[in-house]
Amino acid sequence: MKPFLMLRLPLLLYHLLLFPSMGKACPKDCVCIGQYSAFCAGRRDTRMPTDVPATIEKLFVFKNGIEILSEEDFEGLSNLENLDLSQNKLTELPDGVFGPLSSLHNLDLSSNQIVHISQHSFAGLDHLERLYLFSNLIESIHPEAFDGLQQLLELKLQGNKLTMMPALTMPKLLLLDLRFNSIPSLEPDDLQTPKLESLKLGGLGLSRLNEELLESFSNLHELDISGNHLTVFPPMLREAKGLITLSLAGNPMGPVNWEDFEKMAELKDLDISNLSLQGLPESLTQLFPHLKKLTVAENPFNCLCNLAWFPSWLQINKIQLGRTEETRCHFPPVNAGKVLERLGHSDFGCPTTTTVTTRIVKTTVAPPVVITSLPNTTHAVLHPKPSDNSSTKFSHDPAPTPSASIDPELRSTFCPSNICLNGGTCWLDHQGSVECICLPGTSGTYCEIEEILPHEDIPTEFGIVDPEITASVVTSSSILLDLHRYIDMRPHIRGVRLTYRNLSGPDKRPKTLSVPPSYPEYTLRGLQSNTTYSVCASPLNEPEDIDSACTEAQTVSQLRTPTGARLENPKLTKMLIPAVAILLLLILVAIAVGVACFMHKKKSKGHIDLECDPSQLELEGLENGALPQKQEIILCPSTVQNGGLDYEVPLMQDNCTANNNTSGLRPSYF
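Residues numbered from 1 in each chain as written. Predicted model: local features only at pLDDT ≥ 70, side-chain atom pairs only at ≥ 80, totals over all residues. Heavy atoms only, no water.

**Q** What am I meant to see in the overall build of the protein chain here?
**A** In terms of helices and strands, the protein chain carries nine helices and 39 strands. Within the protein chain, the fraction of its 670 residues that count as buried is 38%. Expressed as a percentage of contacts within the protein chain between residues at least 6 apart in sequence, the contacts between residues at least 24 apart total 48%. Total accessible area on the protein chain is roughly 38200 Å²; 55% of this is exposed by carbon and sulfur atoms. (Helix = DSSP H or I, 4+ residues; strand = E, 2+ residues; numbered from the N terminus. Buried < 20%, exposed > 50% of the residue type's maximum accessible area, 1.4 Å probe, protein only. Contact = heavy atoms within 4.5 Å. Areas by Shrake-Rupley, 256 points an atom, 1.4 Å probe, with all protein chains shown as cover.)

**Q** Hey, could you run me through the pattern of salt bridges in this one?
**A** Pairs can form between side chains of opposite charge whenever their charged atoms are close. Under the defined criterion, the tally for this structure stands at 15 salt bridges. A salt bridge links E222 to K200, with the nearest nitrogen and oxygen atoms 3.8 Å apart. With E222 in strand 14 (residues 222-224) and K200 in strand 13 (residues 198-200), this pair connects stretches of sequence that are 22 residues apart. Note on K200: relative accessible area 17%, which makes it buried. (Salt bridge = Lys/Arg side-chain N within 4 Å of Asp/Glu carboxyl O.)

**Q** What is the right way to read the confidence of the model for the protein chain from this model?
**A** The predicted coordinates ought not to be read in detail in places where the model reports low pLDDT. Model confidence for the protein chain is summarised by a mean pLDDT of 75, while 68% of its residues fall at 70 or above. Throughout residues 453-466 the model reports pLDDT below 50, and contacts reaching past four residues in sequence, or to other chains, amount to 28 contacts. Counting interchain partners and residues more than four positions distant, the pLDDT-below-50 stretch residues 605-670 has 50 contacts. (pLDDT = per-residue confidence, 0-100.)

**Q** Explain the packing of aromatic side chains here, please?
**A** Any pair of aromatic rings gets described here by the distance separating the centres and the angle formed by the planes. Applying the stated criterion to the full structure yields eleven aromatic pairs. When the ring of F39 is compared with that of F60, the centres are 4.6 Å apart and the planes differ by 5°; the resulting orientation is stacked. Taken together, the residues F39 in strand 2 (residues 37-39) and F60 in strand 3 (residues 58-60) connect sequence positions 21 residues apart. Overall, F39 belongs to the partly exposed group, its relative accessible area being 33%. Taking 5.6 Å as the distance between ring centres and 35° as the angle between the ring planes, the aromatic pair formed by W258 and F261 counts as tilted. Here F261 falls in the buried class, since its relative accessible area comes to 1%. The side chain of K156 reaches across the aromatic face of Y132, ending 4.6 Å from its centre. (Phe/Tyr/Trp six-rings, centres within 6.5 Å; stacked < 30°, edge-to-face > 60°. Lys NZ or Arg CZ within 6 Å of the ring centre and 35° of its normal.)

**Q** What's the story with a negative patch on the surface in this structure? I'm lost.
**A** On the surface, D189, E211, E212 and E215 cluster together to form a negatively charged patch. You can see D189 is positioned in the loop between strand 11 (175-177) and strand 12 (191-192). Taking relative accessible area as the criterion, D189 reaches 58% and is therefore assigned exposed. (Patch = residues over 30% accessible without salt bridge, like charges linked within 9 Å, V, L, I, M, F, W, Y side chains within 5 Å. Lys, Arg positive; Asp, Glu negative; His and termini not counted. Charge placed at Lys NZ, Arg CZ, Asp CG, Glu CD.)

**Q** When you look at the state of the cysteines in this model, what are you seeing that I'm missing?
**A** Working definition: the covalent bond between the sulfur atoms of two cysteines is a disulfide. This structure, assessed with the given rule, holds five disulfides. Between C26 and C32 runs a disulfide, and the two sulfur atoms are separated by 2.1 Å. Measuring handedness by torsion sign, the sulfur bridge of C26 and C32 sits at about 90° and is right-handed. The residues C26 and C32 share a single accessibility class, namely buried. (Disulfide = S-S within 2.5 Å.)

**Q** Would you take a moment to explain helix 5 (residues 309-316) for this structure?
**A** Owing to its 3.6 residues per turn, the α-helix aligns residues three or four sequence positions apart on the same side. Turning to helix 5, its buried residues are W309, F310, P311, W313 and L314. Contacts from the buried residues of helix 5 go to helix 4 (284-287), strand 17 (293-295) and strand 19 (320-322). Following helix 5 by one or two positions, K318 adopts a phi angle in the positive range, close to 55°.

**Q** Any chance you could explain the environment of M236 here in plain terms?
**A** Checked against the element boundaries, M236 lands in the loop between strand 14 and strand 15 (245-247). C-alpha of M236 to C-alpha of E211: the two residues are 25 residues apart in sequence and 6.1 Å apart in space. With residues up to four places along the chain from it excluded, the contact list for M236 reads L209, N210, E211 and L214.

**Q** For this particular structure, what's the right way to read the sheet that holds strand 34 (residues 532-539)?
**A** Strands pair in a sheet through their backbones, by hydrogen bonds, and they do so in one of two ways: parallel or antiparallel. Read from one edge of the open sheet, four strands run 32-31-34-35, paired in antiparallel fashion. Both edges of this open sheet fall to strand 32 (511-515) and strand 35 (549-554), since each of them pairs with a single strand only. Neighbouring strand axes in the sheet, compared pairwise and without regard to direction, differ in orientation by 25° on average. Bridge analysis of strand 34 against strand 35 gives six bridges, and the strand direction is antiparallel. Considered in strand 35, the bridge of A537 is made with A549. (Pairing = 2+ DSSP bridges. Axes fitted to C-alpha atoms, helices over the stretch in contact; angles between N-to-C directions.)

**Q** Would you mind going over the sheet that holds strand 30 (residues 479-482) with me for this structure?
**A** Across the sheet, three strands lie side by side as 29-30-33; this open sheet has antiparallel pairing. Edge positions in the sheet fall to strand 29 (470-474) and strand 33 (521-524), since each of these pairs with one other strand and no more. Pairs of neighbouring strands in the sheet enclose a mean axial angle of 30°, with direction left out of account. Pairing of strand 30 with strand 33, which is carried by four bridges, proceeds in the antiparallel orientation. Each residue of the ladder has a partner; that of D482, found in strand 33, is E521.

**Q** Quick question: what am I supposed to make of the pairing of strand 29 here?
**A** Every regular strand shows the same layout, with side chains that alternate between the two sheet faces. Relative to strand 30, strand 29 is paired through four bridges, and the arrangement is antiparallel. Among the inter-strand pairings, A471 is bridged to a residue of strand 30, identified as L481. Taken together, strand 29 and the strand that follows it, strand 30, pair antiparallel across an intervening segment of four residues.

**Q** What is the right way to look at unusual backbone geometry in this model?
**A** Peptide bonds are, in most cases, trans, and in most cases residues other than glycine have a negative phi. A cis amide bond, omega 0°, links F331 with the succeeding residue P332. When you line up the elements, P332 lands in the loop between strand 20 (329-331) and strand 21 (352-357). The phi angle at R44 is positive, at roughly 60°, despite the residue not being glycine. Within the fold, R44 resides in the loop between strand 2 and strand 3.

**Q** What is the right way to look at the nonpolar core in this model?
**A** Nonpolar side chains tend toward joint burial in soluble globular proteins. In this structure, F98, F122, F146, L237, L280 and F310 are the most contacted members of the largest nonpolar core, which totals 101 residues. Among the secondary structure elements, those contributing two or more residues to this core are helix 3 (211-215), helix 4 and helix 5. It is helix 5 that contributes the most residues to this core, four residues altogether. Look past the residues within four positions of F98 in its chain and what remains in contact with it is L69, F74, L83, L85, L93, L107, L109, S121, F122, A123 and L125. In this structure, L483, Y486, I487 and V535 belong to the second largest nonpolar core, which totals 18 residues. (Core = buried A, V, L, I, M, F, W, Y, C linked by side-chain atoms within 4.5 Å.)

**Q** Would you mind going over the environment of N106 with me for this structure?
**A** Here N106 lies in strand 5 (residues 106-108). In contact with N106, other than residues within four places in its own chain, are E81, N82, L83, L128 and R130. In this structure the side chain of N106 is engaged in a polar contact, spanning 2.7 Å, whose partner is the side chain of N82. Among the polar contacts listed, one links the side chain of N106 to the side chain of R130, at a separation of 3.3 Å. (Polar contact = N/O pair within 3.5 Å; in protein donor to acceptor, adjacent residues only side chain to side chain.)

**Q** Looking at this model, I keep getting lost on the environment of P520. Mind explaining?
**A** For P520, the location among the structural elements is in the loop between strand 32 and strand 33. Between the alpha carbons of P520 and H484 there is a distance of 4.8 Å; along the sequence they are 36 residues apart. Discounting residues that sit within four places of it in the chain, P520 has contacts with L481, D482, L483, H484 and I487.

The structure is reproduced here in structure tokens:
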């Protein structure tokens, strides 16, 4: 508990004991703190509370269901400074209704159903400093509705149905929020607010910004023009040196010209989401030296090596990445759907290289050998790199890039034999340096170190990824979730709510399932192949952000056999091939036995060969005591199916017919 609250609580108790009449004076269904504040929240009454003490300075009457106000509701409340009437059902503000509130400084009317603001709705509020009208249904405002509010510092009108804005003449206004209305244009005469510091115009449908309008704000620190129809970067912003917060998100501006930001060195919060950015230049680190928050969500990033600097830059400079879960890779496929901030350097496909620098010691016997020409190439002249040692030295190149112009035959000729381990590739650059390019998961001078990546907690929009829920088995269309630990740690849980969503596709809407606690393992089915899914578990009948645990899993790609059959895992191939071989062997044996019996019968002309399959004798209609009766049902091979795949066997038995039009012997169940 904060220290000032700990000091204030005994003082409040002292006032309640010393002035018991104050406790009795508190309005019905309200809670009074001392003699200056009254909380009347959630009363479920359509009218204002009555008998409010005249000493009250702060009155909170939000979420009551109030439908109408009258001037009599505020009689005797000349000391009231703060009035909160948000989340009620007000549809209108009668003229002069707030007249008795001559000392009012803050008025919150947000989240009501007000449709119109009349000329005298705020008459008498000469000292009003903050007016909140956001999230109403306001369609029109009288041109003179705000004329008497000369002391106003903040005006919030976002989330209404305004199509035009009355001219505002407010010499002290610092914040104006007009977002999410339908005001297609603003002219300089509309806003006579010279001291404005924060202007929010997001989602108005603006196709251009009036240059003269923005130039009139000499003290502007925050500008939000997101979600409009601006096709070019506003030219006047190139000179906006004092901006601290800027949002350009969701405008069809096309490719960003980073030179436009050169004079915005003071920026601390930048939102460039949904601008079709495929990458970010490393010069960003120099453009915004004071940056504290960066939002680049909903951009189709190519997570290749030229973007590998970004996650570490965020971490080193402690820059907050806004909307982290919506900032994901689009390309290449191996990274598609992955959160950009969580990728390691090796995930971007950058080669982990080392440089082998050879120095030839000068002696009086032989001078240093310099290779000036090589057969089969005119691309490179190889010179040994100088070194501080007289022996062979290995050093890491800070930005090694293998040269593509050197003939591959030279690499195999001059690379030391087997110098690169664990599948690493030996390269020569233009200076003749030997480099080992390591595969992902390996590092070291010779790629000799195999990295074991530890489990890391991963933040998601629901909380921190916890090992309480893991994906133990993943196929191309399903994920097996292990919930043992999550359920065991909550013995009184009534059920588990599983929320999962596709992070790789365009549709990221979450899907929810309810799982009883008796299912510590649960399989999510019907998923898309080669797709990343986020799965979160939370207690049933509680908010999803309470006591939740999350994980991510990626389904595997579908493999196909030469015959078109799908395989979930390459291990199935090893199982399927022997099974098919055994099946074919049995078919060949059956064919051989059938041919032998057929030929023997033909030679014996009706004599019974007891070495033949007894089932053949029964199908011939022979019944004698020497052979038992069989009840097996034998179908023609052409009608047999194995797992939905038809296969054919030559019809060697007499009882099988070549087609369905010729009658043959039927099994006993017909």
